[in-house]
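One-letter residues, chain by chain:
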Amino acid sequence: MLNISGHTVLTGLLGSPVSHSISPMMHNLAFKTLGLDYVYLCFDVGTDKLQTVVNGLKNMGVRGFNCTMPDKNLMCELADELSPAAKLIGAVNTVVNDNGILTGYNTDGIGYMQSVKDAGFDIVGKKMTLMGAGGAATSIVVQAALDGVKEINMFSIRDAFFGRAEKLVARLNESTDCRVTLYDMADQDVLKKYISESDILTNGTSVGMAPNTDNCLIPCASWLPKELIVSDVIYNPRETKLLKMAKDAGCPTFNGLYMLLYQGAEAFKLWTGHEMPVAIVKEKYFS
């Protein structure tokens, strides 16, 4: 049980929905393990109220907070400063408050690439199909390209993120050795083709997340070759419809739990200056 005092430092999560998040358990266990007088809470905040809430947290002297869907992109505009990765990605998932100066970071890509390793896979020099062009997907494509993935084919609906994703893809092709291409999700024949040629398929969208667990961007398991690694950034439910479909097809799979763990570990270090006791947190909540 946490001991709240007059000196307790507040951190937390902004997004909607957030009631399903295991971030409070993860961070509060880490604080307790290291004897840090911090607490982590969840706040259900959509984009319509984000600016008001962020101003309040800033003026209250809150040490920092995470942002999840749908707040990651708007948070870029609200931060006073951005890390190079957050600026490139156009999305913020971690904010640090230094005496009223809010610096936005993006630790999602780091978390995802570490989760690939933890699941026992090496995708450096290989081909990826990535579904999505929002905050999580863009963080993944940036870090994957920087880490040496050979080719990434991104698929997105033609929404507000598509034009921004086109610019990001151009920058990645200029600044990395990875060949990145963006396609319309409506081009199902193209999507099926690249899935069949890929080493890993990643759902970087919220499609399939609770409570809409019957949704999936892939129509049937026949699209998924047995040797294809299938991953999902979603961790609630732990087995999305996509992952169940992949498992039925004989594919190796992993969900977004370890991505959550390792992006959180990076945020924890930014707020506290301490390494998160990852082994203890993993054993308690991720086994």
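Before any of the text, the structure's been laid out above.
So, here is what we can say about the structure in this document.

**Concerning the overall build of the protein**
- Tallying secondary structure elements over the protein gives 11 helices and 12 strands in all.
- The C-alpha atoms of the protein give a radius of gyration of 19 Å, which matches the 19 Å a tight globule of 287 residues would have.
- Each principal axis of the C-alpha distribution contributes one length, and for the protein these read about 60 × 35 × 35 Å.
- Looking at the 287 residues of the protein, the share that counts as buried comes to 52%.

**Some remarks on the packing of aromatic side chains**
- Throughout the structure, instances matching the rule amount to 9 aromatic pairs.
- Here the aromatic rings of Tyr258 and Phe286 are separated by 6.3 Å at their centres, their planes lie at 50°, and the arrangement is tilted. On the criterion of sequence distance, the pair formed by Tyr258 in helix α10 (residues 257-272) and Phe286 in the segment after α11 (278-285) is long-range, its members being 28 residues apart.
- Among the residues examined, Phe286 registers a relative accessible area of 5% and is labelled buried.
- Ring pairing ties together the aromatic residues Phe31, Tyr38 and Phe268, which thus form one cluster.
- Here Lys282 stacks its cationic end above the ring of Tyr258, 5.0 Å away from the centre of that ring.

**Some words on the sheet that holds strand β5 (residues 94-98)**
- Ordered by their spatial adjacency, 6 strands build an open sheet running β2-β1-β3-β5-β6-β4, and the pairing between neighbours is mixed. Each edge of the sheet is formed by a strand with only one pairing partner; in this case those strands are β2 (38-44) and β4 (81-82).
- Pairing analysis gives 3 bridges linking strand β3 (residues 64-67) to β5, with the strands arranged antiparallel. Note on β5: the bridge partner recorded for Asn66 is Thr94.

**Side note on the packing of helix α1 (residues 23-34) against α10**
- Put simply, α1 and α10 touch, their axes get as near as 11 Å, and they point 50° apart. When the axes of α1 and α10 are compared, the pair comes out oblique. Taken as a pair, α1 and α10 cross one another with a handedness that is right-handed. Contacts between α1 and α10 pair Ser23, Met26, His27, Ala30, Phe31 and Leu34 from the former with Leu260, Leu261, Gly264, Phe268, Trp271 and Thr272 from the latter.
- Its residues assigned to classes, the contact of α1 with α10 comprises 8 nonpolar, 4 polar and no charged.

Conventions used here
The numbering scheme is per chain: residues are counted from 1 as the chain's sequence reads. This being a predicted model, a pLDDT of at least 70 is required before a residue's local features are given, and a value of 80 or more before pairs of side-chain atoms are given or counted; all residues contribute to the totals for chains, interfaces and linings. To obtain the side-chain values, all non-hydrogen atoms of the structure were used and water was disregarded. Under the scheme used here, helices are H or I runs from DSSP no shorter than 4 residues and strands are E runs no shorter than 2 residues, and both carry numbers assigned from the N terminus. Atoms counted for the radius of gyration: C-alpha only. Globule rule: 2.2 Å times the number of residues to the power 0.38. The classification of residues rests on relative accessible area computed with a 1.4 Å probe and restricted to protein chains. Under 20% of the type maximum is buried, over 50% is exposed, and intermediate values are partly exposed. What counts as a ring pair is set by centres within 6.5 Å for rings of Phe, Tyr and Trp (its six-membered ring), and what kind of pair is set by the plane angle: stacked under 30 degrees, edge-to-face over 60, tilted for all other angles. Throughout this description, the term charge over a ring refers to an Arg CZ or Lys NZ atom that lies within 6 Å of the ring centre and within 35 degrees of the ring normal. Strand pairing follows a simple DSSP-based rule, namely that at least 2 bridges must link the two strands. Geometry is summarised by axes, namely lines fitted to C-alpha atoms with helices restricted to the contacting stretch, and by angles between N-to-C directions that run from 0 to 180 degrees. Geometric relationships in this document are graded by angle, where less than 35 degrees denotes roughly parallel, more than 145 denotes roughly antiparallel, 65 to 115 denotes roughly perpendicular, and other angles denote oblique. It is the rotation of the near helix from the far one that decides the hand of a crossing: anticlockwise by less than a right angle makes it left-handed, clockwise makes it right-handed. Contact between two residues is taken to exist if any of their heavy atoms lie within 4.5 Å; hydrogens are not considered. The residue classification treats Ala, Val, Leu, Ile, Met, Phe, Trp, Tyr, Cys and Pro as nonpolar and Asp, Glu, Lys and Arg as charged. All others, Gly included, are polar.

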